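# Residue-level structural notes
Chain by chain, the residues run as shown.
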Amino acid sequence: MGDQLTIDRLRYSLRHHGALKTLSRAILGLAHWIEGAVFDYRLGTDTNTIVTLDRLKGIVSKNRRYGVRYQPSHPRAIRRLISKIAVRYQEYAFIDFGSEKGRAILVAAEYPFQKIIGVDFSPELQAIAAANIGRACPHRNIELVLSDAADYVLPDVPAVLFFFNPFHHAVMEDVLQSIKASLERAPRDLWAIYYNPMLRYLFDEKPFLKLLVQQEHFALYRNRASL
Ligand SMILES: C[S@@+](CC[C@H](N)C(=O)[O-])C[C@H]1O[C@@H](n2cnc3c(N)ncnc32)[C@H](O)[C@@H]1O
């Protein structure tokens with residue numbers, strides 16, 4: 001944790017948010033780190049370290065510069081979000097856009113989703129995700145897709161889509177257009193969990209999506225035709 005990135009973030013926060021807010025953020029960050037460490041310890045996995053995209057080799061996508069660095073989501077928060085979706089999980093796929101080391105996939109595997117899919121453009125992160133899945137839940141129906149999310153075509157099944165602030169505007173817009181095209185081709189039930197929703201306005205302005213729940217750290221949508 002004590003690398004240059006952490007020091008830079010600390011400096012930035014002190015300058016822009018002051019000492020008190022920086023301290024409360026640091027305590028929250030530590031609590032999340034401990035939660036992630038316990039999660040990894042229990043499963044024997046490796047999901048808890050932050051990696052910047054410029055340190056990763058093998059990403060060939062033109063959208064590399066629009067990606068957000070690898071930062072794992074928080075297991076308890078993911079569980080809370082999934083439990084807001086009252087459907088028969090057995091009939092739904094769970095698709096993590098920007099699946100990195102597989103933290104959200106491993107949490108989704110606690111639920112009986114028909115299939116779990118992780119899409120990421122980093123071969124290094126996907127290799128770690130594959131090893132994590134092999135250790136924690138080798139018998140679940142999990143597919144890792146090495147692809148730019150903007151090029152990924154959804155399977156024609158009901159699904160819960162998961163986004164943990166994975167990329168910037170240009171890619172997110174392409175992904176949303178691809179979801180719209182997929183719904184036109186194969187009308188079905190789709191939910192979208194947007195966790196740390198930095199680009200919420202892009203979701204809000206799409207007529208095919210209805211905002212169901214919004215809180216500071218997430219927004220939950222469902223495709224309007226299913227309501
Ligand atoms: C914030 S992390 C996602 C965290 C993860 N979903 C979780 O729940 O713990 C962002 C991930 O998105 C991936 N990513 C960024 N841009 C991408 C793109 N255009 N296509 C596919 N993956 C992308 C990065 O490689 C990184 O693994």
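Reading guide: rules and limits
Residues numbered from 1 in each chain as written. Predicted model: local features only at pLDDT ≥ 70, side-chain atom pairs only at ≥ 80, totals over all residues. Helix = DSSP H or I, 4+ residues; strand = E, 2+ residues; numbered from the N terminus. Buried ≥ 20, exposed ≤ 12 C-beta atoms within 10 Å, placed from the backbone. Domains from an automatic or database assignment. Contact = placed C-beta atoms within 7 Å. Nonpolar A, V, L, I, M, F, W, Y, C, P; charged D, E, K, R; others polar. Core = buried A, V, L, I, M, F, W, Y, C linked by C-beta atoms within 7 Å. Pairing = 2+ DSSP bridges. Right-handed = clockwise from strand over helix to strand, strands pointing away. Near = placed C-beta within 6 Å.

So, on to unusual backbone geometry. In the Ramachandran plot, Glu 100 falls in the positive-phi region, its phi being about 40 degrees despite a non-glycine side chain. Following the sequence through the fold, Glu 100 ends up in the loop between strand S1 (93-97) and helix H3 (103-108). The backbone of Asn 196 shows a phi angle near 55 degrees, a positive value even though the residue is not glycine. Mapped onto the elements, Asn 196 comes out in the loop between strand S5 (190-195) and helix H6 (200-204). Taking the C-beta count within 10 Å as the criterion, Asn 196 has 18 such neighbours and is therefore assigned partly exposed.

Parsing the protein chain into structural domains produces domain 1 (4-43) and domain 2 (65-226). On a C-alpha basis, the centres of domain 1 and domain 2 stand 25 Å from each other. Domain 1 puts five residues into the contact, and the matching count from domain 2 is seven residues. Taken together, the residues of the side of domain 1 that touches domain 2 break down into two nonpolar, two polar and one charged.

On to the nonpolar core, then. By size, the foremost hydrophobic cluster in this structure holds 50 residues, and its most contacted members are Ile 95, Leu 161, Phe 162 and Ile 193. Once residues lying within four places of it in the same chain are set aside, the contact partners of Ile 193 are Leu 81, Val 160, Phe 162, Phe 163, Phe 218 and Leu 220.

This brings us to the pairing of S5. Taken residue by residue, a regular strand's side chains alternate between the two faces of the sheet. Most of S5 is tucked away, with five of its six residues classed as buried. Two strands pair when backbone bridges link them, and strand S4 (residues 159-164) and S5 are joined in this way by six bridges, in the parallel orientation. Note on S5: the bridge partner recorded for Val 160 is Trp 191. Following the chain from S4 across helix H5 (residues 169-185) to the adjacent parallel S5, one finds a crossover that is right-handed. As defined by bridge partners, S5 adjoins strand S7 (residues 218-223) across five bridges and the pair is classed as antiparallel. What sits directly across from Ala 192, in S7, is Tyr 221.

Within the structure, the ligand sits among 27 residues, and Gly 67, Ser 73, Gly 98, Glu 100 and Ala 104 are positioned closest to it. Secondary-structure elements contributing two or more residues to the shell around the ligand are H3 and strand S2 (115-120). The residue makeup of the shell around the ligand, split by class, is 13 nonpolar, nine polar and five charged.

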